[in-house]
Amino acid sequence: MQILNKMPEWIRSRIDPVESFFRIVFGGFFCMSGAIKLSDLLAFESAIRNYRLLGDPFIAWLAMGIPPLELIAGMAVILRVFYPGCVIVLCGALSIFMCALISLLARGIDTECGCLGISTTIQVQLALDFGLAAFGGFLLWSWRKTDVDFA
């Protein structure tokens, strides 16, 4: 434990094992999701089109913009760089996606979500997303608890 006390504060703040686990799972999920979407942008564009929420130019912009955003922000969460902002951005994207999934359920549309390249139901994807949102909430709570000192 003495080794940890001799380390600079900016390194010690990145070593909490519970928070590190949550960062790796939360950020890793978005890195994996972004990489899968980047590998086949046309399939991801088709998945966005199946939601029937947006028109043509916006679908292409989202299909090109969401995967790099997920990949970069996910890596930043894992590495704890621009940490609170990236967690907030990913939680915001997650909440928008959950709203889109709920709208699919409300409208009776049964389609693939287009996130991980696996075939799941909308309900399973919503449960996964609520779990990820809980991870993001924990990360924000643990950041506020340790890093912010407004006094």
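It should be emphasised that the depicted structure is a prediction, and the values quoted were computed from it without experimental measurement. (Residues numbered from 1 in each chain as written. Predicted model: local features only at pLDDT ≥ 70, side-chain atom pairs only at ≥ 80, totals over all residues. Heavy atoms only, no water.)

Peer 1: So what's going on with the packing of aromatic side chains? Which residues, and what values?
Peer 2: For the structure shown, the criterion picks out eight aromatic pairs. Relative to Phe-97, the ring of Tyr-51 has its centre 6.3 Å away and its plane inclined at 50 degrees; by these criteria the two rings are tilted. In this pair, Tyr-51 is assigned in the loop between α4 (41-50) and α5 (56-79) and Phe-97 in helix α6 (residues 83-107), connecting sequence segments 46 residues apart. Judged by its relative accessible area of 6%, Tyr-51 falls in the buried class. Both rings, one in Phe-58 and one in Trp-61, keep their centres 5.3 Å apart while their planes meet at 85 degrees; by these two values the pair is edge-to-face. Of this pair, Phe-58 and Trp-61 both sit in helix α5, three residues apart, which is roughly one turn of that helix. (Phe/Tyr/Trp six-rings, centres within 6.5 Å; stacked < 30°, edge-to-face > 60°. Helix = DSSP H or I, 4+ residues; strand = E, 2+ residues; numbered from the N terminus. Buried < 20%, exposed > 50% of the residue type's maximum accessible area, 1.4 Å probe, protein only.)

Peer 1: Before we move on, could you go through the nonpolar core and cite the residues and values that matter?
Peer 2: One finds Phe-26, Phe-30, Val-77, Tyr-83, Val-87, Leu-90 and Leu-139 to be the most contacted residues of the largest nonpolar core, which totals 16 residues. Residue assignment for this core shows that the elements contributing at least two residues are α3 (17-39), α5, α6 and α7 (122-147). (Core = buried A, V, L, I, M, F, W, Y, C linked by side-chain atoms within 4.5 Å.)

Peer 1: For the packing of α5 against α6, give the residues involved together with the corresponding values.
Peer 2: Axis separation between α5 and α6 bottoms out at 9 Å; the angle between their running directions is 140 degrees. For the element pair α5 / α6, the angle class is oblique. At the point where α5 passes α6, the crossing takes the left-handed sense. Counting all contacts with α5, which are made through Leu-69, Glu-70, Ala-73, Gly-74, Ala-76 and Val-77, the residues of α6 involved are Tyr-83, Cys-86, Val-87, Val-89 and Leu-90. (Axes fitted to C-alpha atoms, helices over the stretch in contact; angles between N-to-C directions. Parallel < 35°, antiparallel > 145°, perpendicular 65-115°, else oblique. Left-handed = near helix turned anticlockwise from the far one by under 90°. Contact = heavy atoms within 4.5 Å.)

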